[in-house]
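Residue-level listing of the chains:
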Amino acid sequence: MSAWILLVLLVVVVLWVVAAYNGLVSLKNQTLNAFKQIDVQLKRRHDLIPNLVNAVRGAMDFEKDTLEAVIQARNQAVNVNAAGPEAVKQISHAENVLSGALSRLMVVVERYPQLKATANIGQLQEELTSTENKVAFARQLYNDTATQYNTKQQQFPTSLVAGWAHAERAALWEIEDTAERVVPRVDLSMKPKT
Amino acid sequence: VTEETALTLFQQQDANRRRTVWLILCFVLFFAWLGFGGDYIYALSTAHAPPAQQHHVWWFGFVMLGIGGVLAWYAYRTGPEKVLWATGAEEVIEPADAREKQLVNVVEEMAIAAGVPRPRIWIVPDPDPNAFATGNAPEHAHVAVTRGLIDLCDRDELQAVIGHELGHVKNLDVRLMTTLAALVGAVLLIRNGTSRIFASGRNGDGRGRRSNLGPLAGILLVVWILSWILAPLIAQLLAVAVSRKREYLADAMGAQFTRNPLALARALEKIEASGAPTTRLRSGAAHMCIADPLGSRLGRQDGRLADVLATHPPMAKRIAILKGMGYAQLKREGGAIP
């Protein structure tokens, strides 16, 4: 009798181990896939930026610095991205810088009504908003999935299987440098600086 | 929050898969009952007659079973197309203007947030704001919005509505709801057809064959006819029961995708304020929409009758829940409550 109970217990434990292992593997793959999605969206953004800059360049001679910052941030981001997914920290930093530069450009565009009046710019603004949203949502999905993966592998019964399933903590994509996002104040009153 | 919703997501998907299978099984069994039951009643009613006049149409049950199976398969396979066709929706392939471009962008954004492939996008030419999603799997999903919704909502609100719809797509609500809509449609269609046959049959030779029905056959006959009559009603009650709780869940999922519950609350308020019926979305697909397209006043109150009969939960309750989420979020992030 007790042998039967033991056997049943064993079967239950084995089934649980299999389920936990498979659960971790599935979450790991989801996390990797979510990371790939960020990559796709970042590439899209890098491709879009040259067009954007060309479209506003003519009308924005007076905001050379802002445009320069965008172009530089973009090139920097492209370079870092070529390094591959191992350099998550650098990539996320470069992309955050680019986000900051782009949002400054958006604010600048807002500020020039004659620029905004062109239908072209309206479309570009929509495209830029959408691109930024796509990057943000891809990141959000990655962070959500990675958090879920991290929690799962640390929580008690599953943590016993974690080492065996080669589960490692996935790094989250963090938004740093809030200062980058602060909108610069532009003085248009032409007063001499004191 | 994400941990819990993610855990229940798989359960939701499983439950929806299971329920779809059950629904199709019940549909096929219903046809089997009509076939074999009808044949049995026919045989019973002639049992007292001399052997030469006894009737036992043995193949009738199998034919009905076959018809039921083929219908269910057809409804499942073509359900999404049929639903879209019934609403007169037009697919957005090349966005025609800035607003349509924005719609496409918003759908792409939400597909990324939900982690599902980009669904096909349709616009229903109807001035009343509403939206629905259909499809059998996230890989073959469709999202449809009315022209009125595009005109009424700003970018954030449109995003929130699409987020809600993709919530339905992700947890496989769409499979169950679409199959249900297609089956309800099939039952209604058959009922309309057969009631005509019954009517003409009664005028014809109905009186000539007043055979001596036994009490068992009599009862069975009544049940048999009742199931013909009640089937559409049962199907619609099923649609009601199946869809209400899902709206809260899809609201929550939409809010999780956009991280902006207040936008969905605003969108729902706007949709509610323009409470005209969405004429393009008929009763068959009512349970699929974000807001009750029939414009019934039942949605406004929270009584027991409303709870039983409405396809959608009371709008006020949904908005209140979303606002609660939104304010909690604002409080965490230290923003000002509007």
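The shown structure was predicted, so the numbers you read here are calculated from the model rather than taken from an experiment.

Rules of the game
- Residues numbered from 1 in each chain as written.
- Chains lettered and ligands numbered in written order.
- Predicted model: local features only at pLDDT ≥ 70, side-chain atom pairs only at ≥ 80, totals over all residues.
- Heavy atoms only, no water.
- Helix = DSSP H or I, 4+ residues; strand = E, 2+ residues; numbered from the N terminus.
- Buried < 20%, exposed > 50% of the residue type's maximum accessible area, 1.4 Å probe, protein only.
- Contact = heavy atoms within 4.5 Å.
- pLDDT = per-residue confidence, 0-100.
- Patch = residues over 30% accessible without salt bridge, like charges linked within 9 Å, V, L, I, M, F, W, Y side chains within 5 Å.
- Areas by Shrake-Rupley, 256 points an atom, 1.4 Å probe, with all protein chains shown as cover.
- Salt bridge = Lys/Arg side-chain N within 4 Å of Asp/Glu carboxyl O.
- Pairing = 2+ DSSP bridges.
- Expected span 1.5 Å × (residues − 1).
- Polar contact = N/O pair within 3.5 Å; in protein donor to acceptor, adjacent residues only side chain to side chain.
- Axes fitted to C-alpha atoms, helices over the stretch in contact; angles between N-to-C directions.
- Parallel < 35°, antiparallel > 145°, perpendicular 65-115°, else oblique.
- Left-handed = near helix turned anticlockwise from the far one by under 90°.
- Nonpolar A, V, L, I, M, F, W, Y, C, P; charged D, E, K, R; others polar.
- Core = buried A, V, L, I, M, F, W, Y, C linked by side-chain atoms within 4.5 Å.
- 1 Å grid on protein atoms, 1.4 Å probe; cavity = no way out; pocket = protein on both sides within 12 Å on 5 of 7 lines; lining within 4 Å.
- Points joined across faces, edges and corners; volume = space filled by probe spheres on them.

Draft legend 1. Representation of the overall build of chain A in the model. Secondary structure assignment for chain A yields 7 helices and 0 strands. Order of helices (α) and strands (β) in chain A, N terminus to C terminus: α-α-α-α-α-α-α. Taking all 194 residues of chain A together, the buried fraction comes to 39%. Taking as baseline every contact in chain A between residues at least 6 positions apart, the subset at least 24 positions apart corresponds to 76%.

Draft legend 2. Region of the structure containing the confidence of the model for chain A. Residue and element names in this part refer to chain A. The pLDDT averaged across chain A works out to 80; a share of 84% of its residues lies at or above 70. Summarising per-element confidence for chain A, the mean pLDDT is lowest in helix α7 (residues 178-181) (44) and highest in helix α1 (residues 2-57) (89). Overall, residues 178-194 carries pLDDT values under 50, and its contacts beyond four positions in sequence, including any with other chains, amount to 13 contacts.

Draft legend 3. How the structure looks around a nonpolar patch on the surface. A cluster of nonpolar residues, Val-222, Ile-225, Leu-226, Ile-229, Leu-230, Leu-233, Ile-234 and Leu-237 of chain B, forms a patch on the protein surface that exposes about 690 Å² of accessible area. The class of Ile-234 of chain B is exposed, set by a relative accessible area of 51%.

Draft legend 4. The pairing of strand β4 (residues 141-146) of chain B, seen in detail. Residues and elements named next belong to chain B. The buried fraction of β4 is high, at 6 of 6 residues. On β4, burial covers both faces: Ala-141, Val-143 and Val-145 on one face and His-142, Ala-144 and Thr-146 on the other are all buried. Pairing between strand β2 (residues 120-124) and β4: 5 bridges, direction parallel. Along β4, the bridge assignment pairs Ile-121 with Val-143. Bridge count for strand β3 (residues 131-135) against β4 is 5 bridges, and the pairing is antiparallel. Looking across to β4, one finds that Gly-135 is bridged to Ala-141. Connecting the antiparallel pair β3 and β4 is a turn made up of 5 residues.

Draft legend 5. Fine view of helix α5 (residues 155-170) of chain B. All names here are of chain B. The end-to-end C-alpha separation of α5 is 22 Å, in line with the 22 Å expected for 16 residues at 1.5 Å each. Within α5, 15 of the 16 residues are buried, which leaves the element mostly enclosed by the surrounding structure. Capping the start of α5, Asp-154 holds a side-chain oxygen 3.1 Å from the backbone nitrogen of Asp-156, two or three residues further along. Positive backbone phi, at 70°, marks Leu-172, one or two positions downstream of α5.

Draft legend 6. Just the packing of helix α8 (residues 261-273) of chain B against helix α10 (residues 315-333) of chain B, in detail. Residue and element names in this part refer to chain B. One can describe the packing of α8 onto α10 by two numbers: an axis separation of 8 Å at closest approach and a directional angle of 155°. With respect to their mutual orientation, α8 and α10 come out roughly antiparallel. α10 is crossed by α8, and the crossing has left-handed handedness. For the pair α8 and α10, contact is made by Pro-261, Leu-262, Leu-264, Ala-265, Leu-268, Glu-269, Ile-271 and Glu-272 and by Met-315, Arg-318, Ile-319, Leu-322, Lys-323, Met-325, Gly-326, Tyr-327, Gln-329 and Leu-330, respectively. The class makeup of the residues in the contact of α8 with α10 is 12 nonpolar, 2 polar and 4 charged.

Draft legend 7. Representation of the nonpolar core in the model. Counting 85 residues, the largest nonpolar core has Tyr-142 of chain A together with Leu-103, Val-145, Leu-149, Ile-162, Leu-166 and Ile-290 of chain B as the members making the most contacts within it. The dominant element in this core, judged by the number of residues it contributes, is α1 of chain A, at 11 residues. Residues in contact with Val-145 of chain B, not counting those within four places in the same chain, are Leu-103, Trp-122, Ile-123, Val-124, Asn-130, Ala-131, Ile-150 and Ile-162 of chain B. Counting residues in each nonpolar core, the second largest holds 37 residues, with Leu-34, Ala-72, Ala-89 and Leu-220 of chain B among its members.

Draft legend 8. Molecular detail of empty space enclosed by the protein. All names here are of chain A. The tally for this structure, following the rule as stated, stands at 5 cavities of 30 Å³ or more. Empty space within the second largest cavity amounts to approximately 50 Å³. Lining the second largest cavity are Leu-52, Val-56, Leu-105, Met-106, Val-109, Ile-121, Leu-124, Gln-125 and Leu-128. Counting only elements with at least two residues in the lining of the second largest cavity, the list comes to α1, α3 (88-111) and α5 (119-154). No other element matches α5, which puts 4 residues into the lining of the second largest cavity. Of the residues that constitute the lining of the second largest cavity, the class distribution is 8 nonpolar, 1 polar and no charged.

Draft legend 9. Inspection of the pattern of salt bridges at higher detail. Scanning all chains against the criterion turns up 18 salt bridges over all chains. Put simply, Arg-246 of chain B and Asp-173 of chain B hold a salt bridge, and the shortest N to O gap is 2.5 Å. With a gap of 73 residues between them, Arg-246 of chain B in helix α7 (residues 215-258) and Asp-173 of chain B in helix α6 (residues 173-203) connect regions that are remote in the sequence. Residue Arg-246 of chain B is classed as buried on the basis of its relative accessible area of 7%. Judged by relative accessible area, Asp-173 of chain B falls into the buried class, the value being 0%. A network of salt bridges, in which partner residues are shared, links Arg-45, Glu-95 and Glu-132 of chain A.

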